[in-house]
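Results of the structural survey
Chain by chain, the residues:
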Amino acid sequence: MPYADKTLPAHAAAELARGARRVALGGWSLSRRPIGMVWEWVARDIRFRELVVATGSLEADILAAVDGVRSIRSFFLGIEAVGPGPGLKSELDVIEETESSLTLGLQAAAQGLPFLPLPLAHAEALRAVRPDLSLTVDPYAEGDASQCLAIPALPIDIAYVHALRADRRGNAFLSGHKAADRLLAHAARCVVVSCEELVDDLAACGDTADLVEPLVDHVVLLPGGARPGNCLPLYETDWPVLLDYVATDRDAVADWVLQAIPPPA
Amino acid sequence: MNVTTAEQMVWVMAGYLADAEVIQLGLSSPLNQVAALLAHHLADGRGPAIEDPAALTLTRALRMAHFARGELAAQCGATRSFEAPEWIVQMMPRLSGRVRQFVRPLQIDVRGRINTLQVRTRDGGWRRFAGLAGLAELADICQPFLCYLPRQDRRAFVEQVDFIVSDPLAHHAGGQVILVTDLATFVMTREGARLAARHPGVSDQALADATPPAVDLGSNAHTPAIPAEALACLRERVDPLGVRNLEFLSGAERHAAILGLAERERTLTLD
């Protein structure tokens, strides 16, 4: 396989999500969220059907506020201690998951399995709000414990992950909170890594790759791409900006994004 | 030395956390964080290990509470940084009976059942959030199941929740749900709910007004006073910035407190 330069401009990488069925964003709460991509989506009015986030924070709130997604799939929504913003306080379709069910759905997709079983004891509340989930039976167990919820595979069309450093071939070092980013990438048909720093050879920098080149389709240089969240050790969460966001009216969110968040470099 | 409601609650909560092998801090749970770190400090780091979701680390580092720089703080001295899937589906099931965490419900009922966040649906209604932040998993692996309410009233502590997110007693025949509030501590079992101890200065009337009638308020027990040494540890080493007070603030006061914490934490050295 010849050397492949997978770099792409931010706007071109953002366009890949237009009309997609299911898009995942990496990071955790306010750590390494690909907010730069959200900026591009808002600026270009790019919409898609479903957003998958392990913990839905500012990025989910913004996309809900601007109607950028039809539904959000997650097990947590909220911008930490500043509470929900205008998007999460407005009407939205949430596909509810537990920590386990979301993980199992992604693992099933990553492994090419149709579903993975979740013991019913873990999932009674989930079953009540997710009638689409079917029961299955553990053929090796006896009694009540044999009932499981069959968590269907959750294939991702495109996963966007923000990294501290990546090379042009797609090897990426995440830094800080690892979140569920490797699993999102494994479950995705297309993986886009945005990064604070682009290098020719990650290994030469002394980093061990969290995401490796066969997994990654595109690399985008996007300094500050997680602001106003954090990307440690380069920058930390900007709390005054977040407080300003949660006080913004829903109708003004698109303008707020374009003005308050630094445009992708 | 006046003890605040936050300090009173933290002291009681720390007592319930101290017996665990692992304490999970939870996202955005200042009182749980401070109580866990107090238990950790009082045991001089030889008590429970701390799982901190701010960086998904396991740590025994003796550190202070943080609000704005939680991820950095969680990394300091950490034994390991986990990926989320590893912690959720591989570690948590192994911790059954060994892990504790105080969670803050939106509502809790006399049978110990809880719900949390609600979201508005496109048809204008409200919907509880079923699997929020590991509650389904916690209900299965945590005993006793620990809850707190910074402000106990009849809207939060109810006869019957209108939507069940977690029913911690459903799969634990001899289990307990512990509820620590600004007024008292309660115990819920399958046999019923009862007052365990009221905090100093809480009157019969105040307690009755904020408690569902089905709860047995017959106990005369009072919450033990926080020892001076533990109070000093809390104020000076565990939470000198006052992270514990966040959960008692709202509106402009909370806004100002968040900005103040962010500014004060910014000047701290974390390594």
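Remember, it's a predicted structure, so these values are computed and weren't measured experimentally.

Cut-off values and rules
- Residues numbered from 1 in each chain as written.
- Chains lettered and ligands numbered in written order.
- Predicted model: local features only at pLDDT ≥ 70, side-chain atom pairs only at ≥ 80, totals over all residues.
- Heavy atoms only, no water.
- Helix = DSSP H or I, 4+ residues; strand = E, 2+ residues; numbered from the N terminus.
- Rg over C-alpha atoms; globule rule 2.2 N^0.38 Å.
- Buried < 20%, exposed > 50% of the residue type's maximum accessible area, 1.4 Å probe, protein only.
- Contact = heavy atoms within 4.5 Å.
- Lys, Arg positive; Asp, Glu negative; His and termini not counted.
- Charge placed at Lys NZ, Arg CZ, Asp CG, Glu CD.
- 1 Å grid on protein atoms, 1.4 Å probe; cavity = no way out; pocket = protein on both sides within 12 Å on 5 of 7 lines; lining within 4 Å.
- Points joined across faces, edges and corners; volume = space filled by probe spheres on them.
- Nonpolar A, V, L, I, M, F, W, Y, C, P; charged D, E, K, R; others polar.
- Salt bridge = Lys/Arg side-chain N within 4 Å of Asp/Glu carboxyl O.
- Polar contact = N/O pair within 3.5 Å; in protein donor to acceptor, adjacent residues only side chain to side chain.
- Arc of directions from axis to C-beta.
- Pairing = 2+ DSSP bridges.
- Axes fitted to C-alpha atoms, helices over the stretch in contact; angles between N-to-C directions.
- Domains from an automatic or database assignment.
- Buried area = accessible area lost by both parts, 1.4 Å probe.
- Parallel < 35°, antiparallel > 145°, perpendicular 65-115°, else oblique.
- Expected span 1.5 Å × (residues − 1).

Quick word on the overall build of chain A
Helix and strand counts for chain A stand at eight helices and 11 strands. For a compact globule of 265 residues, the expected C-alpha radius of gyration is about 18 Å, and chain A comes in at 19 Å, within 12% of that figure. Expressed along its principal axes, the backbone C-alpha trace of chain A runs to roughly 60 × 50 × 30 Å. Relative to its 265 residues, chain A shows a buried fraction of 62%. Here the analysis covers contacts within chain A between residues at least 6 apart in sequence; of these, 72% occur between residues at least 24 apart. Of the side-chain charges in chain A, 22 are positive and 36 negative, and the distance between the mean point of each set is 4 Å.

Some words on empty space enclosed by the protein
Enumeration according to the criterion identifies two cavities of 30 Å³ or more in this entry. Of the voids in this model, the largest cavity is the one considered here, and its volume is about 50 Å³. Lining the largest cavity, in full, are W28(A), A54(A), F75(A), L102(A), T103(A), L106(A), A180(A), L183(A), A84(B), P85(B) and I88(B). Going through the elements one at a time, α4 (99-111) of chain A together with α4 (84-91) of chain B are the ones with two or more residues in the lining of the largest cavity. The residue makeup of the lining of the largest cavity, split by class, is 10 nonpolar, one polar and no charged. For the second largest cavity, the calculated volume is near 40 Å³. Contributing to the lining of the second largest cavity are L63(A), A64(A), D67(A), V69(A), R70(A), S71(A), I72(A), E91(A), L92(A), D93(A) and R122(B). Among the secondary structure elements, those contributing two or more residues to the lining of the second largest cavity are α3 (58-65) and β3 (69-74) of chain A.

Here we look at the pattern of salt bridges
With the rule as written, the count across this model stands at 35 salt bridges over all chains. Notably, a salt bridge pairs R73(A) with E97(A), separated by 2.6 Å at the nearest N-O pair. Of this pair, R73(A) sits in strand β3 while E97(A) sits in the loop between β4 (93-96) and α4, placing them 24 residues apart in sequence. Of the two residues, R73(A) and E97(A), both sit in the buried class. Ionic pairing is found between R98(B) and E21(B), a salt bridge with its closest N-O pair at 3.0 Å. Of this pair, R98(B) sits in the loop between α4 and β5 (99-100) while E21(B) is found in the loop between α1 (5-17) and β1 (22-24), placing the two residues 77 residues apart along the sequence. R98(B) gets classed as partly exposed once you look at its relative accessible area, which sits at 31%. Since its relative accessible area comes to 41%, E21(B) is described here as partly exposed. Each member of the salt-bridge network shares a partner with another, and the members are R22(A), E50(A), R73(A), E97(A), R130(A) and D132(A).

Description of the side chain of D167(A)
All names here are of chain A. For D167, the position within the fold is in strand β8 (residues 156-167). Using a relative accessible area of 0% as the deciding quantity, one classes D167 as buried. Within the structure, the side chain of D167 is placed 3.0 Å from the backbone nitrogen of L202, a separation counted as a polar contact. Ignoring anything within four residues of it in the chain, the contact list for D167 reads L198, V199, D200, D201, L202 and V219.

Here we look at helix α7 (residues 228-238) of chain B
Counting along an α-helix, one turn takes 3.6 residues, and residues three or four places apart therefore face a common direction. Residues and elements named next belong to chain B. What α7 keeps buried is the set A230, L231, C233, L234 and V238. Buried positions in α7, seen along its axis, are confined to an arc of 160° and lie on one side of it. Within α7, the exposed residues directed more than 90 degrees away from the buried face are A228, E229 and E236. For α7, the elements touching its buried residues are α1 and α2 (30-42).

So, the sheet that holds strand β6 (residues 134-137) of chain A
Residue and element names in this part refer to chain A. Taken together, the three strands give an open sheet; going across it, the order is β5-β7-β6, and neighbouring strands pair in antiparallel fashion. At either margin of the open sheet sits one strand with a lone partner, and together these are β5 (115-119) and β6. Pairs of neighbouring strands in the sheet enclose a mean axial angle of 45°, with direction left out of account. Of the pairings in the sheet, the one linking β5 to strand β7 (residues 147-152) comprises five bridges and is antiparallel in character. The residue of β7 that forms the bridge with L116 is I151. Packed onto the sheet, α4 meets β5 and β7 and runs at close to 155° relative to β5.

A look at the domain arrangement of chain A
Residues and elements named next belong to chain A. As assigned here, chain A comprises domain 1 (10-97 + 154-260) and domain 2 (115-152). Listed per partner, the contact involves five residues of domain 1 and four residues of domain 2. Across the domain 1/domain 2 interface, buried area totals approximately 340 Å², and carbon plus sulfur atoms make up 48% of it. Area buried by domain 1 at its contact with domain 2 is led by E96, E97 and L154, which between them contribute 85% of it.

Observations regarding the packing of helix α2 (residues 35-43) of chain A against α3(A)
To describe two helices that pack against each other, one gives the angle between their axes and the distance between the axes. Residue and element names in this part refer to chain A. It is at 10 Å that the axes of α2 and α3 come closest, and there the two elements cross at 10°. By the criterion of interaxial angle, the relationship of α2 to α3 is roughly parallel. Where α2 approaches α3, its residues I35, V38, W41 and V42 are matched on the opposing element by L58, E59, I62 and L63. Counted by class, the contact of α2 with α3 contains seven nonpolar, no polar and one charged residues.

As for α1(B)
When the terminal C-alpha atoms of α1(B) are compared, their 18 Å separation across 13 residues agrees well with the 18 Å that a helix rising 1.5 Å per residue should span. Looking at α1(B), one finds that the buried residues are A6(B), E7(B), Q8(B), M9(B), V10(B), V12(B), M13(B), A14(B) and L17(B).

Description of the interface of chain B and chain A
Contacts between chain B and chain A engage 45 residues on the former and 47 residues on the latter. On inspection of chain B and its partner chain A, the count reaches two salt bridges. Across the pair E83(B) and R182(A) runs a salt bridge, and its minimum N-O distance is 2.9 Å. Taken together, chain B and chain A are joined by 12 residue pairs in polar contact (both at pLDDT 80 or more). If you list the elements that add at least two residues to the side of chain B that touches chain A, you get α3 (70-75), α4, β9 (118-120), β10 (126-128), α5 (135-141) and α8 (251-266) of chain B. The biggest single contributor to the side of chain B that touches chain A is α8(B), with five residues.

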